[in-house]
Amino acid sequence: MEWDPDTQALLKVAAGDKQAFAWLFDRHHASVARFAFRFVGDPARAEELTQDIFVKLYRHARAYKPTAKFKTFLFRVATNHCLNEMRRGEYRVARSLVKAPDTDADEDAAGAVEVPGPDGDRPDQALSGRELEAAVGVALGDLSDRERAAFTMCRFEGMAYRDIAEALEASEAAVKSLIHRATLAVARRIEALQAGTVPARSRA
Amino acid sequence: MSCAYEEDLTAYVDGELPPPHRARVEAHLGTCAACQGTERLLRVTVARMARLPAFTPSPSARRDVLARLDALPPTWRERLAALLRPGLLVPSLGVAAAAVLALLVMGRGGVEPAALDELDAGAFEVATNLELVEDYEVLGLDSSDDLEVVENLHELGTP
C-alpha cells in the first residue's frame, strides 16, 4: 500500500527514528502552535503545549493506524491534550486576558489595519487588528472547549468538517453544529464590539 | 425565534453542504431576510478570521522538543530491545544456563533424610515442639530455670 510522506514518516517514528520525527515537526509544528494559541490564548503556553503535543506524538506513534490521515491523527492528539489541559482549569485566567501574538502584523494592528463591518467595506466604526484579535480571543474563551477546537481547526487550519469530526471523534452533524454556534458567537461578539456595547477585553 | 435553516448557514458558507441540501438552502435564502442577514454576517466573520495575524512559534522550538525527546526515560520496549542485543544476550544466556545447572545440582544433593539424624537431639526436640517454645517466649519464659519450672508444671499436670 502506498502511503503519503507524513504517514511513512510517522511509521518510521514508531520504530524510533528521530530524524523522521524532526521532519514531521518541521512540517507541522506551526499549525499545531496556531491551534494551541487559539485554544489557550497565551503565546508562551501555546509553545509549551505544542512541545507537549509533539512529545506525545513521538511516544504514541505506535498507536497510529495508517487508515487515518496523519493530520487528523495529529489534531486528535493536539485536541485531547489541549482539552485535558483546559479541564485542569489553569488557563481560564489566561483566556480572559488574551494576549495577541507578537508579529509584524500586530504593529500594524495598533491602528492602521481596518477591518470592514458586516455591512460593507466602509463601516462607521472599523476595528483595529488588535481590537479584532482581542474580541476573537474573548469570544473563543467563552465557547465550550469542543466548539473552540472545531472552530479553530476549521477557521485557522482550513480543515474539512469530515476531518474535524474524525479528530474530535464526533459525527459530522455534531461538528457542523459546533462550528455554526462558534462562528455565530464570534460574529456577534465582534458586532457588539463594533457597536460599542462591549469593551474589547472583557468577557461577555 | 431563529429560522429552521439557520444552523445550515455556516456549513453553506463553508461549502460543506451536499448539493441537494445546498440548493434547498439557496432557495430559502431567496425568501428569508433574517437568514440573508445571518449569512452575510457569517461570511464577513469568516473573512475576518483569515486576516488575523498568524501565531509564529519560536525558532528554538525544534531544538527544545528534540532535547525533550533525548531526556525521555526509555520505554519498556526500548529496555527490552537493549537487553536482547546479541552482545548482551549471549553472555546473559550463559550466566542463566550456569545458574539453572547449579540449581539442579543443589536440588539433587540438597536436604536428604539422613541429614535429620545428624541434628542435635535437643535441637530436634525444640524443632518438634516449636509451637510450645513460641508460647514460652510469649510468656517471657526463656531462661533454663524457667524451662525447668515449666517442665515440672507439666509433670504436675500429668496423672
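Predicted model only: the values in this text are computed from it and were never measured.

## Focus: the nonpolar core
Then step 1. One finds L10, V13, F35, F54, M153, I164 and L168 of chain A to be the most contacted residues of the largest nonpolar core, which totals 61 residues.
Then step 2. The next biggest cluster of nonpolar side chains, apart from the first, holds 15 residues, and it includes L140, F156 and A182 of chain A together with M49 of chain B.

## Let's talk about helix α4 (residues 61–71) of chain B
Then step 1. Taken together, the buried positions of α4 of chain B are A61, V65 and L69 of chain B. Here the buried residues of α4 of chain B occupy an arc of 70 degrees about the axis, which is enough to place them on one side. Among the exposed residues of α4 of chain B, those oriented more than 90 degrees off its buried face are R63, D70 and A71 of chain B.
Then step 2. Where α4 of chain B is buried, its residues meet α2 (18–40) and α3 (43–59) of chain A.

## Focus: the packing of aromatic side chains
All names here are of chain A.
Then step 1. All told, the structure shown has nine aromatic pairs over all chains when counted by the stated rule.
Then step 2. Between F25 and F54 the ring centres are 4.7 Å apart and the planes differ by 75 degrees, which places this aromatic pair in the edge-to-face class. Taken together, the residues F25 in helix α2 and F54 in helix α3 connect sequence positions 29 residues apart. The exposure classification of F25 matches that of F54, with both residues buried.
Then step 3. An aromatic cluster is built from F21, F25, F54 and Y58, whose rings are joined through pairwise contacts.
Then step 4. A cation sits over an aromatic face here: R38 above F156, 4.6 Å from the ring centre.
Then step 5. Cation over ring: R148 sits above F39, and NZ or CZ is 4.7 Å from the ring centre.

## A closer look at the environment of L74 of chain A
Then step 1. In this fold, L74 of chain A is placed in helix α4 (residues 70–87).
Then step 2. Discounting chain neighbours no more than four positions away, the residues touching L74 of chain A are H28, V32, I53, F54 and L57 of chain A.

## A look at the interface of chain B and chain A
Then step 1. Contacts between the two partners involve 38 residues from chain B, matched on the other side by 52 residues from chain A.
Then step 2. Here chain B meets chain A over a buried area of about 4100 Å², counting both sides, of which 64% is carbon and sulfur.
Then step 3. When the area that chain B buries against chain A is broken down by residue, the three leading residues are R48, M49 and F55 of chain B, summing to 19%.
Then step 4. Counting every contact that joins chain B to chain A gives five salt bridges.
Then step 5. In this structure, D8 of chain B engages K176 of chain A in a salt bridge whose closest nitrogen and oxygen atoms are separated by 2.5 Å.
Then step 6. Taken together, the links from chain B to chain A amount to twelve residue pairs in polar contact (both at pLDDT 80 or more).
Then step 7. When residues of the side of chain B that touches chain A are traced back to their parent elements, those giving at least two are α1 (9–13), α3 (33–51) and α4 of chain B.
Then step 8. Considering each element in turn, the side of chain B that touches chain A owes the most residues, ten residues, to α3 of chain B.

## So, the pattern of salt bridges
Then step 1. Considering all chains together, one arrives at 16 salt bridges over all chains under this definition.
Then step 2. The salt bridge partner of D52 of chain A is R68 of chain B, with a shortest N-O separation of 2.8 Å. Taken as a pair, D52 of chain A in helix α3 and R68 of chain B in helix α4 lie in two separate chains rather than in one.
Then step 3. On the basis of relative accessibility, which here comes to 16%, the residue D52 of chain A falls in the buried class.
Then step 4. Between E26 of chain B and R22 of chain B there is a salt bridge; the shortest N-O distance is 3.7 Å. One end of the pair, E26 of chain B, and the other, R22 of chain B, are both in helix α2 (residues 19–29), four residues apart, so they sit about a helical turn from each other.

## What to know about the UniProt feature "domain: Putative zinc-finger" (unreviewed entry) in chain B
Then step 1. UniProt's feature table lists "domain: Putative zinc-finger" (unreviewed entry) at residues 5–36 of chain B, given in the numbering used throughout.
Then step 2. A distance of 11 Å separates the end C-alpha atoms of residues 5–36 of chain B, which is 62% helix and 0% strand.

## Regarding the packing of α2 of chain A against helix α8 (residues 145–155) of chain A
All names here are of chain A.
Then step 1. Relative orientation of the contacting elements α2 and α8 amounts to 145 degrees, with a least axis distance of 10 Å. Of the two possible hands of crossing, α2 and α8 adopt the one that is right-handed. Judged by residue contacts, F35, R38 and F39 of α2 engage D145, R148, A149, T152 and M153 from α8.
Then step 2. In the contact of α2 with α8, the residues fall into four nonpolar, one polar and three charged.

So, how was this worked out
Residues numbered from 1 in each chain as written. Chains lettered and ligands numbered in written order. Predicted model: local features only at pLDDT ≥ 70, side-chain atom pairs only at ≥ 80, totals over all residues. Heavy atoms only, no water. Core = buried A, V, L, I, M, F, W, Y, C linked by side-chain atoms within 4.5 Å. Buried < 20%, exposed > 50% of the residue type's maximum accessible area, 1.4 Å probe, protein only. Helix = DSSP H or I, 4+ residues; strand = E, 2+ residues; numbered from the N terminus. Arc of directions from axis to C-beta. Contact = heavy atoms within 4.5 Å. Phe/Tyr/Trp six-rings, centres within 6.5 Å; stacked < 30°, edge-to-face > 60°. Lys NZ or Arg CZ within 6 Å of the ring centre and 35° of its normal. Buried area = accessible area lost by both parts, 1.4 Å probe. Salt bridge = Lys/Arg side-chain N within 4 Å of Asp/Glu carboxyl O. Polar contact = N/O pair within 3.5 Å; in protein donor to acceptor, adjacent residues only side chain to side chain. UniProt positions renumbered as here; feature names shortened; annotations may be inferred. Axes fitted to C-alpha atoms, helices over the stretch in contact; angles between N-to-C directions. Left-handed = near helix turned anticlockwise from the far one by under 90°. Nonpolar A, V, L, I, M, F, W, Y, C, P; charged D, E, K, R; others polar.

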